Amino acid sequence: MKTSRASRALALAVVLLLAVVGCTDDDTATSAAPPRHPVYSERPADQLVAAGKTTKAAGTARFTSTFTWESPAGKLIDTTTGDQSFSRAVAHANRSVTVPEGFPAVIADLYGTRPGRKRHGYAVQGSDVFYRTLKGTWLRYPAGAPQEFAQATWGFNERAGSVTPYGGTLADTVFGSFPTAPPRALPDGTRRYTLHADGGVAEPLLPKGLTVRDSPEPAVAKSEPVKVPLTVDLDTDGRLTRASADLTPLLAERTAEADLTLRAELRFTHYGTATGPPVPRGDRTEDATRALTFLTGLKPGACATTDTGLDGLSLVRRADCAAGEHDLRVLGQIKVDKSTRERITAQDGDAIASRRCSALAANAAPRLRAEARPAGHHAVYGWSEWSTLMGGPDGGTNTIEGQYTCYFITSAPVDPDTVREV
């Protein structure tokens, strides 16, 4: 059978049309833009902010936060592990602090009055922070506590974070930093950022009692703002997996201790893990603002317990001295107020209070000295503030003012292994 010219022309047209359609489909597949990534499609400067949103969108995660102080005396390690529910603003945290013997007092004192290891259990719900006592009850530190009480907790409620449910970790710094270069891809798919974070963003990670040092010398303007080396790892989804920072540059203005370093690390794992209520149902909870009192308000001879969850002793719980269940007995309240034209700092106020406390302890009744652990062992808690009034041909006047409490330690250290996890 013969094929007409019209039929052959039509067949050729169909073949050409299919070729054109096929070419168009291939070109479209090749030129199609890749799907937009919630983190890595952003500008490098915006990627860590975006990572904060992606991390919290996961709902929940487990975390480990570690601060490591190092000096010739050894390592002071502050580690917190737990879980967080980003959607419910709930967190559980188990904290372990190890203070070696002989560690510089300017830092060791910020973590308590004794060397060794101690453990605490905390929970967060919204802006409230809970501490589980050794007896298994809970102290609730409310967000709306009176100002004087809140100041005495030394930033305790900052554990209720504004960036993540549990605050005071490197997440506060990471999600507020702005890389200037894209991350480096690692073999496992992780992306690593290496940058210098603004010191002002990292400063809140330092213990609240570690303030800028007093100095009678005129202030000198800084030539450059302090920067903190920061490394951040994100997974393929753009969620935080690990961050580390060297906070040592922040210490220069705060301590004269040589060879002292501070590093921080944070890890997020097990995204999507279920979390429970902040405090187990049925557990007894007390309002800390009603249960605790100021150490400076106790009279000589009064006793108190220090099971408060706080690092310092500004707030304690009154105790019956006769019952024998107490951690300290007050020897006296010491006020320091000294003005001089000579060089003087707040540390001189500490020395004055220490000498006066030693005198009180030496003159205490024998039965009270025997009650101390070890016998006669005493301590002083408090601080001084320094100020100067410049002027006159002979220079200015330096003043130190402080309030201290002198006391006997009357209990043995708590065995950290007896503290249950929350």
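Everything discussed here concerns the structure shown above.
By convention here, each chain's residues receive numbers from 1 onward along its written sequence. Where totals are concerned, whole chains, interfaces and linings use all residues; where local detail is concerned, this predicted model gives features only for residues with pLDDT of at least 70, and gives and counts side-chain atom pairs only at 80 or more. The side-chain figures draw on all heavy atoms in the structure; neither hydrogens nor water molecules are used.

Caption draft 1: Structural context of the overall build of the protein chain. Assigned secondary structure in the protein chain consists of nine helices and 18 strands. When accessible area is computed with a 1.4 Å probe and restricted to protein chains, residues below 20% of their type maximum are described as buried, those above 50% as exposed, and intermediate ones as partly exposed. Within the protein chain, buried positions represent 42% of all 422 residues. In the protein chain, the share of contacts with a sequence separation of at least 24, taken over all contacts with a separation of at least 6, comes to 66%. The accessible surface values rely on the Shrake-Rupley method and a 1.4 Å probe; as for residues, cover is taken only from the protein chains in view. Of the roughly 22300 Å² of accessible surface on the protein chain, a fraction of 53% belongs to carbon and sulfur atoms. Every helix listed is a DSSP run of H or I at least four residues long, and every strand listed is a run of E at least two residues long, numbered separately from the N terminus. The contact criterion used throughout is that any non-hydrogen atoms of two residues lie within 4.5 Å.

Caption draft 2: Highlighting the nonpolar core. For our purposes a nonpolar core is just a set of buried Ala, Val, Leu, Ile, Met, Phe, Trp, Tyr and Cys residues, chained together by side-chain atoms within 4.5 Å. One finds Trp69, Ile107, Tyr141, Val232, Leu234, Leu240 and Leu247 to be the most contacted residues of the largest nonpolar core, which totals 64 residues. The residues contacting Leu234, other than those within four sequence positions of it, are Val39, Tyr40, Leu48, Ala51, Thr190, Arg191, Tyr193, Arg239, Leu240 and Thr241. With 16 residues, the next largest nonpolar core counts Val336, Ile344, Ala364 and Tyr404 among its residues.

Caption draft 3: Representation of the sheet that holds strand E3 (residues 90–99) in the model. What the twelve strands build is an open sheet, ordered E7-E8-E9-E10-E11-E1-E2-E3-E4-E5-E6-E12; its pairing is mixed. This sheet does not close on itself; its edge strands, each paired only once, are strand E7 (184–185) and strand E12 (285–287). Of the strand pairs in this sheet, strand E2 (residues 74–85) and E3 are connected by nine bridges, and their pairing is antiparallel. Opposite Thr79, over in E3, you have Ser96 as the bridge partner. Only strands that DSSP links by at least two bridges are regarded as paired with each other.

Caption draft 4: Local environment of the side chain of Thr410. With respect to the helices and strands, Thr410 occurs in the segment after strand E18 (397–409). Given the relative accessible area of 7%, Thr410 is considered buried. Side chain to side chain, Thr410 and His326 meet in a polar contact 2.8 Å long. In this structure Thr410 touches His326, Asp327, Leu328, Arg329, Glu371 and Arg373, once residues within four positions along its chain are discounted. Under this definition, polar contacts are N or O atom pairs within 3.5 Å; protein pairs additionally need one hydrogen-donor-capable and one acceptor-capable atom, and for neighbouring residues in sequence, both atoms have to be side-chain atoms.

Caption draft 5: Expanded view of the state of the cysteines. A pair of sulfur atoms, both from cysteines and within 2.5 Å, is called a disulfide here. Scanning the entire structure with this criterion turns up two disulfides. The side chain of Cys303 participates in a disulfide bridge whose partner is Cys321; the two sulfur atoms lie 2.0 Å from each other. Measuring the twist about the S-S bond at about 115°, one finds the Cys303-Cys321 disulfide to be right-handed. One end of the pair, Cys303, is in strand E14 (residues 303–305); the other, Cys321, is in the loop between strand E15 (315–319) and strand E16 (328–340), and 18 residues separate them in sequence. Judged by its relative accessible area of 2%, Cys303 falls in the buried class. A sulfur-sulfur distance of 2.0 Å marks the disulfide that ties Cys357 to Cys406. Because the sign of the S-S torsion sets the handedness, a value of about 75° for the bond joining Cys357 and Cys406 places this disulfide among the right-handed ones.

Caption draft 6: Local environment of the pattern of salt bridges. Note on definitions: salt bridges are taken to be side-chain nitrogens of Lys or Arg within 4 Å of carboxyl oxygens of Asp or Glu. The tally for this structure, following the rule as stated, stands at 22 salt bridges. We note a salt bridge from Asp78 to Arg95, for which the minimum N-O separation is 3.0 Å. Here Arg95 lies in strand E3 and Asp78 lies in strand E2, a separation of 17 residues in the sequence. The same class applies to Asp78 as to Arg95, namely buried. Close ionic contact of Lys208 with Glu158 constitutes a salt bridge, the shortest N to O distance being 3.1 Å. Placement of Lys208 in the loop between helix H6 (199–202) and strand E9 (227–234) and of Glu158 in the loop between helix H4 (147–152) and helix H5 (171–174) is noted, with a sequence separation of 50 residues between them. Judged by its relative accessible area of 31%, Lys208 falls in the partly exposed class. Assessed through its relative accessible area of 42%, Glu158 is described here as partly exposed.

Caption draft 7: Region of the structure containing the sheet that holds E16. Judged by pairing direction, the sheet is antiparallel, and its six strands sit side by side in the order E13-E15-E14-E16-E18-E17 without closing on themselves. Looking at which strands have only one partner, the edges of the open sheet turn out to be strand E13 (293–294) and strand E17 (378–389). By the bridge criterion, three bridges tie E14 to E15 in an arrangement that is antiparallel. What sits directly across from Thr305, in E15, is Arg317.

Caption draft 8: Quick look at the side chain of Thr133. Here Thr133 shows up in the loop between strand E5 (128–132) and strand E6 (138–141). The buried category is assigned to Thr133, whose relative accessible area is 7%. Setting aside chain neighbours within four positions, we find Thr133 in contact with Leu139 and Asp307.

Caption draft 9: Structural detail: unusual backbone geometry. Residues Arg373 and Pro374 are joined by a peptide bond in cis, for which omega reads -10°. Structurally, the position occupied by Pro374 is in the loop between helix H9 (366–371) and E17. One non-glycine residue, Ala89, adopts positive backbone phi at about 55°. Checked against the element boundaries, Ala89 lands in the loop between E2 and E3. Even without glycine at this site, Trp154 takes up a positive phi of about 55°. Structurally, Trp154 can be placed in the loop between H4 and H5. Given the relative accessible area of 33%, Trp154 is considered partly exposed.

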